[in-house]
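Here's the letter readout for the chains.
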Amino acid sequence: MKVILDVDTGTDDALAIALATLSPEIELIGLTTVSGNVHVDKTSVNTVRVLEFLGVDDVPVFRGAAKPLVKELRTVEWVHGSDGLGDSGIPMPRRKPEDKPAAEFIVEELRKSSPGEITLIATGPLTNLAIALLLEPRIVEKIQKIIVMGGAFGVTPHGTGNITPVSEFNIYTDPEAAKIVFESGAKVSCVGLDVTMNPSAVLRAEHIDRLRGSGSKAAELAVRVTRGMMERVGFFALHDPMAVALAVKPELFKTEEYYVQVSLEEGDLRGQTIADRRWFVRELGEKLGIKPRGAKVSIASWVDGPRFLRFFLDRITGHEGKE
Ligand code: BDR
Ligand code: CA
């Protein structure tokens, strides 16, 4: 499958990039960058930095939006380090991003593609995708689907917010963009905190030991960018790699369709993803004449944590692990 990966690299974005480049199911036609975890100046450098570290020199990188559509940018260096890659000393790159802006690249690639040929995977705020859809709404007919790492839907006990009690960071950062993407008519699948925060799916010390012994560049990258979080909280959530996993190993997940609204309120409700979970609306809505609220979105509601981790570690180390 042809993929454009939209990232705000970011420690876990770095691992999503590694997983995508090591997945034979994916033909990565380009990476686009956005402001989110840190400013786009840094996420762009980091994206090239990660590719060079992995020895990948044939995937172009396009710099995207510097700020959300409407709101101010609020970066999270306290999570990802002052450089966005956990201040782990990954060498600076020689290559530079391309001159073409990210949204333009997305529009052009989709315009010349056949319907269903290109999948978009977004692991940052949805600003670039929204701009592309505003520039050329007809790209919707070409997109296979948009897989978003984002949202906290309350469909599992882990689906609470992370940046506010109810909001997940990527959607919180640019809720207006998320609303445009969700309501665009494109097929949207969300991998939210409901599954990425499942305790059986996060990296722990024993996994780091396996990575350390492997000798692969991707494993070295993983050890380095996860170190800060491992030291601070004792585990590392693989939010962004999980979006890549949904693209290549959907059998690791259960997904369900919900109607979802994105809150544009100020304060703690900003960016809340409200899934209409009312059973009587889901089951009897049509009969009762009650319309569900929001846009139809497919939500990952379950992940096989141990199998996901095995899959991730096998790909990153380049070795099949023990069962
Ligand atoms: C998301 O927010 C970012 O900090 C991570 O890179 C991930 O994309 C998790 O809420
Ligand atoms: Ca991210």
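Just so we're clear, the structure is a prediction, and the values are computed from it rather than from any experiment.

Novice: Sorry if this is basic, but what is going on with the pattern of salt bridges here?
Specialist: For side chains bearing opposite charge, pairing can occur when the charged atoms are close. If you walk through the whole model with that rule in mind, you get 19 salt bridges. One salt bridge connects E52 with R94, and the closest N-O pair in it is separated by 3.8 Å. With E52 in helix α2 (residues 40-54) and R94 in the loop between α3 (77-80) and α4 (102-111), this residue pair connects regions lying 42 residues apart in the sequence. Linking K71 and E266 is a salt bridge whose minimum nitrogen-to-oxygen distance equals 3.4 Å. Taken as a pair, K71 in the loop between β3 (61-63) and α3 and E266 in the loop between β7 (253-262) and β8 (273-275) lie far apart in primary sequence, 195 residues in all.

Novice: What is the right way to look at the coordination of the calcium ion (ligand 2) in this model?
Specialist: Four donors placed tetrahedrally about a metal ideally form angles of 109.5 degrees, and six donors placed octahedrally ideally form angles of 90 or 180 degrees. All of the protein donors around the calcium ion (ligand 2) are D8 (OD), D13 (OD), D13 (OD), T123 (O) and D240 (OD); their distances to the metal are 2.2 to 2.6 Å. Sequence spacing of the donors to the calcium ion (ligand 2): D-x4-D-x109-T-x116-D. Placement of D13 in helix α1 (residues 11-21) and of T123 in the loop between β4 (118-122) and α5 (127-135) is noted, with a sequence separation of 110 residues between them. Accessibility classification places D13 together with T123 in one group, the buried group.

Novice: I'm lost on the side chain of S301 in this one. Help?
Specialist: Take S301: it is sitting in strand β9 (residues 295-303). Within the local environment of S301, its side chain forms a polar contact with the side chain of E256, the two groups lying 2.8 Å apart. If we ignore the near neighbours within four places in the chain, the residues touching S301 are V155, T156, V195, K254, T255 and E256.

Thresholds, definitions, all that
- Residues numbered from 1 in each chain as written.
- Chains lettered and ligands numbered in written order.
- Predicted model: local features only at pLDDT ≥ 70, side-chain atom pairs only at ≥ 80, totals over all residues.
- Heavy atoms only, no water.
- Salt bridge = Lys/Arg side-chain N within 4 Å of Asp/Glu carboxyl O.
- Helix = DSSP H or I, 4+ residues; strand = E, 2+ residues; numbered from the N terminus.
- Donors = N, O, S within 2.8 Å, 3.2 Å for Na, K, Ca; no water.
- Buried < 20%, exposed > 50% of the residue type's maximum accessible area, 1.4 Å probe, protein only.
- Polar contact = N/O pair within 3.5 Å; in protein donor to acceptor, adjacent residues only side chain to side chain.
- Contact = heavy atoms within 4.5 Å.

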